[in-house]
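# Survey of secondary and tertiary structure
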Amino acid sequence: MPAERKPSPNSTPPQAAAPTLAGLSPGADSASVSFVNDAAVSELVQNAVVDSMERHGYAKAARFAVRLALAEAIANAFHHGHETLPPTVPIKLSFRVGENDVEVAVEDQGPGFDPSLIPDPTLDENIERPCGRGLMLIKAYMTSVVYNAKGNRMTMTFQKSA
């Protein structure tokens, strides 16, 4: 029986394969995908949007703004929308990057919520409450934010500055 080979102390461990996502093609300016709560896949989607923005000539600050809003929307969908759902339940995300605007929709499968009931985190009485900050950032960075009637789908638009 041959002896088991042990890696030498100077060898590098094999690299994990980069995550992929059905429906997301490299270099795409639009896509619709579904994915479970996985940080690597979330980053893959964010990178796809930001890379497309860069190809369309969006400024670094614009790319930062959209990435931040997108990260917050994804985090909210999983943390709040899927709070009582199994971790295997995916969210849906679609995006389109054009010459003058970016549109991203994030939809969870939870019960939804009424965004008007979220307290303003900048008011003195809410400063120490840990809710509403992500939505505040999304509204601050995006040109428009619209919710469906159920409150489980957020569509965000960013308009390129002239």
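For the structure itself, look to the data block above.
My aim in this report is to walk through the structure given alongside it, one point at a time. This is a predicted model, so every value here is computed, not measured.

Before going further, it helps to spend a moment on the overall build of the protein. When its secondary structure is counted, the protein shows three helices and five strands. In sequence order, the protein lays out its α and β elements as β-α-α-β-β-α-β-β. Here the protein holds 162 residues, and the buried ones make up 35% of them. The long-range fraction of contacts in the protein, counting pairs at least 24 apart against all pairs at least 6 apart in sequence, stands at 58%.

Moving on to the sheet that holds strand 3 (residues 101-107). Spatial strand order, 1-2-3-5-4: five strands in an open sheet with antiparallel pairing. Whereas interior strands pair on both sides, the edge strands pair on one side only; in this sheet they are strand 1 (30-35) and strand 4 (144-147). Shown here is a sheet whose adjacent strand axes are inclined to one another by a mean of 10 degrees, direction ignored. Bridge count between strand 2 (residues 91-97) and strand 3: six bridges; the pairing is antiparallel. Of the residues in strand 3, the one forming a bridge with Ser 94 is Ala 105. Relative to strand 2, helix 1 (residues 39-55) is tilted by about 15 degrees, and along the sheet it contacts strand 1, strand 2 and strand 3. Contacts from helix 2 (residues 60-81) reach strand 1, strand 2, strand 3 and strand 5 (153-159) within the one sheet, and its direction differs from that of strand 5 by about 175 degrees.

Here Arg 63 lies in helix 2. With no salt bridge to any partner, buried Arg 63 finds its closest opposite charge in Glu 54, at an N-O distance of 4.2 Å. If near-sequence neighbours (up to four positions away) are discounted, Arg 63 is found in contact with Val 50, Met 53, Glu 54 and Tyr 58.

Rules behind the numbers
- Residues numbered from 1 in each chain as written.
- Predicted model: local features only at pLDDT ≥ 70, side-chain atom pairs only at ≥ 80, totals over all residues.
- Heavy atoms only, no water.
- Helix = DSSP H or I, 4+ residues; strand = E, 2+ residues; numbered from the N terminus.
- Buried < 20%, exposed > 50% of the residue type's maximum accessible area, 1.4 Å probe, protein only.
- Contact = heavy atoms within 4.5 Å.
- Pairing = 2+ DSSP bridges.
- Axes fitted to C-alpha atoms, helices over the stretch in contact; angles between N-to-C directions.
- Lys, Arg positive; Asp, Glu negative; His and termini not counted.
- Salt bridge = Lys/Arg side-chain N within 4 Å of Asp/Glu carboxyl O.

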